[in-house]
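Okay, here's what each chain looks like letter by letter:
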Amino acid sequence: MSEHGQRLARLRDILKRRSLYVSALPNIRYLTRFTGSAGHVLVTPDTAILFTDGRYRSQARRQASGVQVVISRGSPLAALARMISEQRLRRVGFESQRIPYARVRYLRGEVTRCRFVPEVDIVSQMRVIKSAPEIEAIRGSAALNSAAFADVVDRSRPDWTEARLAAEIEFRMRRLGAEGAAFPTIVASGSHGALPHAEPRPKTVERGSLTIVDHGAILSGYCSDMTRMVAWGEPGATQVALFGAVLEAQAAAIDAIRPDVECRTVHSRARRVLSKVRIAGVRLDKAFVHSTGHGLGLEIHEPPHIGPRRRQRLQPGMVITVEPGAYLEGVGGARVEDVVAVTDRGCEVLTMTPRELRVVAA
């Protein structure tokens, strides 16, 4: 049985004779290998059917694994509704966190004898533990991401704008074989770096200040995510101290990662380090305004979430980011991020780029 067939079999075991309508495209890809932008999957105790339209006739038949393929002449959703009626299904679950309400309303109107029931995001929970091939795919994505960063920073010039740096990184990722960027690249220098999700500006990077560079690639469907700090020209003592505190916090968080550790523990280790440092009159744990990390895989944000109230325990096969940061208005910000796989005995950092502050001659 193929890996995708095994996943469908495991899903049926979880469903215990229930049926499920899978609507989220990443979940469809995980279960069937199909990568089209329009598709619906119906999983019953006896069948698994992929519904799509004529644009994907050849692609679905070439890619789809472990499922029957139905190519509809009209709406694939209407074909799904007809199949539910033909199979006389009386109860079908749907991914309540993934589906537009209008779609559920349509199905309830079309198939009045079937009860459509909201389910937790079952397939996403299956995806939390990565297989060895999935971890290798993420490792490859991280390597490509690192290569793009090194190439662009090595040939960058101090007259480049934040927007150009972001564009150069995304272009280089594509040139190296990425399917695309996992998210819009963040480049934020100087005081602009105090915004954790700053948008790159058409403004030259500020010399002698910290610049946050946060980007990720998609390779073979799997995401990577990395943040590194760069300075064009020697930064001042305040900036160096800010970076050093964040780097130490990240190291403490990574050191805490091992099986059976609660996600909140990893977060608290990073926060504890930052609580001991005060810069510009601010204790840095107060300037740490987001969680320490998140899972990633076929999507850039997946469970588990590494935050202050997350009691979920880490397990081997989970892949997470570790990305503490501190942001001081009027001064700037610092964040260091790596992708980390939980192993049987601890963890493995999949990101290859050195974490040190990269100083480029101005």
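The paragraphs below set out a description of the structure included in this document. (Residues numbered from 1 in each chain as written. Predicted model: local features only at pLDDT ≥ 70, side-chain atom pairs only at ≥ 80, totals over all residues. Heavy atoms only, no water.)

1. Some words on the sheet that holds strand β5 (residues 91–95)
- Spatially, β4-β3-β2-β1-β5-β6 is the arrangement adopted by the six strands of the open sheet, whose pairing is mixed. Of all strands in the sheet, those with a lone pairing partner are β4 (68–72) and β6 (115–119), marking the two edges. Between one strand and the next, the sheet's axes are offset by a mean angle of 25 degrees, whatever the strand orientation.
- Packed onto the sheet, helix α1 (residues 3–15) meets β1 (19–22), β2 (40–43) and β3 (48–53) and runs at close to 55 degrees relative to β2. (Pairing = 2+ DSSP bridges. Helix = DSSP H or I, 4+ residues; strand = E, 2+ residues; numbered from the N terminus. Axes fitted to C-alpha atoms, helices over the stretch in contact; angles between N-to-C directions. Contact = heavy atoms within 4.5 Å.)

2. Focus on the sheet that holds strand β8 (residues 186–189)
- The strand order across the open sheet built from four strands is β8-β9-β12-β22, with neighbouring strands paired in mixed fashion. Two strands close off the open sheet at either side, each with one partner strand: β8 and β22 (358–360). Taken over all neighbouring pairs, the strand axes of this sheet differ in orientation by 25 degrees on average, direction set aside.
- With five bridges connecting them, strand β9 (residues 211–215) and strand β12 (residues 226–232) associate as antiparallel partners.

3. A word on the pattern of salt bridges
- All chains considered together, the criterion is met by 28 salt bridges.
- Residues joined by salt bridges that share partners form a network here, namely Arg 98, Asp 121, Arg 127, Lys 130, Glu 299 and Glu 302. (Salt bridge = Lys/Arg side-chain N within 4 Å of Asp/Glu carboxyl O.)

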